[in-house]
Amino acid sequence: MADETFDSVWDAIEDTPQEAENMRLRSRLMIELTERITAKGWTQLAAAERLGVTQPRVSDLMRGKVHLFSLDALVNMVTAAGMHVEMTVKPAA
């Protein structure tokens, strides 16, 4: 059996390139949010109040449960955290 190589873990585990791209974007937003929460020293409860979600939702975020978050929800949370999202679209490699 030949070894396969992938550009990212998402390419390896998702069924389609579309799903892999979606997961890449979601995971990147989650990383930025968790770094922001940590840098600000917010408790999960304080972060929840700031982001307009529940504390268990922040716990899911901090634990990296990517499958529980939509891009839309993450963009809303990023904005509520006082950050801005920019997007670049380019041809696939």
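Structure shown above.
Only a predicted model underlies this, so the values are computations on that prediction, with no experimental measurement involved. All residue numbers refer to position in the chain's written sequence, counted from 1. Given that this is a predicted model, residues contribute local features only at a pLDDT of at least 70 and side-chain atom pairs are listed and counted only at 80 or more, while totals for whole chains, interfaces and linings are drawn from all residues. No hydrogens and no water enter the side-chain calculation; it runs on all heavy atoms of the structure.

## What about the packing of aromatic side chains?
Phase 1 of the analysis: Only centres within 6.5 Å qualify two rings of Phe, Tyr or Trp (six-membered ring in Trp) as a pair; their planes then separate them into stacked at under 30 degrees, edge-to-face at over 60, and tilted for everything else. If you walk through the whole model with that rule in mind, you get 0 aromatic pairs.
Phase 2 of the analysis: Two thresholds decide whether a charge sits over a ring: the Lys NZ or Arg CZ must be within 6 Å of the ring centre and within 35 degrees of the ring normal. Just above the ring of Phe-69 sits the side chain of Arg-57; from NZ or CZ to the centre is 3.9 Å.

## What about helix α5 (residues 71-80)?
Phase 1 of the analysis: Among all positions in α5, only Leu-74, Met-77 and Val-78 are buried. One side of α5 carries all its buried residues, which in axial view fall inside an arc of 100 degrees.
Phase 2 of the analysis: Runs of H or I in DSSP of at least four residues are treated as helices and runs of E of at least two as strands, each being numbered from the N terminus. Gly-82 occupies a position one or two residues after α5 and carries a positive phi of about 85 degrees. For every residue, the accessible area obtained with a 1.4 Å probe (protein chains only) is divided by the maximum for its type, and the residue is called buried under 20%, exposed over 50%, and partly exposed between those limits. To be clear, the arc concerns the directions from the helix axis to the C-beta atoms.

## Focus on the packing of helix α3 (residues 44-51) against helix α4 (residues 55-62)
Phase 1 of the analysis: Inter-axis angles, ranging from 0 to 180 degrees, are taken between N-to-C directions of lines fitted to C-alpha atoms, where helices are fitted over the stretch in contact. Where α3 contacts α4, the two axes come as close as 8 Å, and the packing angle between them is 105 degrees. Taken together, the axis directions place α3 and α4 in an arrangement best described as roughly perpendicular. Of the residues in α4, those touching α3 at Gln-44, Leu-45, Ala-47, Ala-48 and Leu-51 are Gln-55, Val-58, Ser-59 and Met-62.
Phase 2 of the analysis: All residues other than Ala, Val, Leu, Ile, Met, Phe, Trp, Tyr, Cys, Pro, Asp, Glu, Lys and Arg, Gly among them, are scored as polar; the first ten of these are nonpolar and the last four charged. Considering only residue class, the contact of α3 with α4 consists of 6 nonpolar, 3 polar and no charged. Note that the term roughly parallel is reserved for angles under 35 degrees, roughly antiparallel for angles over 145, roughly perpendicular for angles of 65 to 115, and oblique for everything else. Whether two residues are in contact is decided by their heavy atoms, any of which lying within 4.5 Å being enough.

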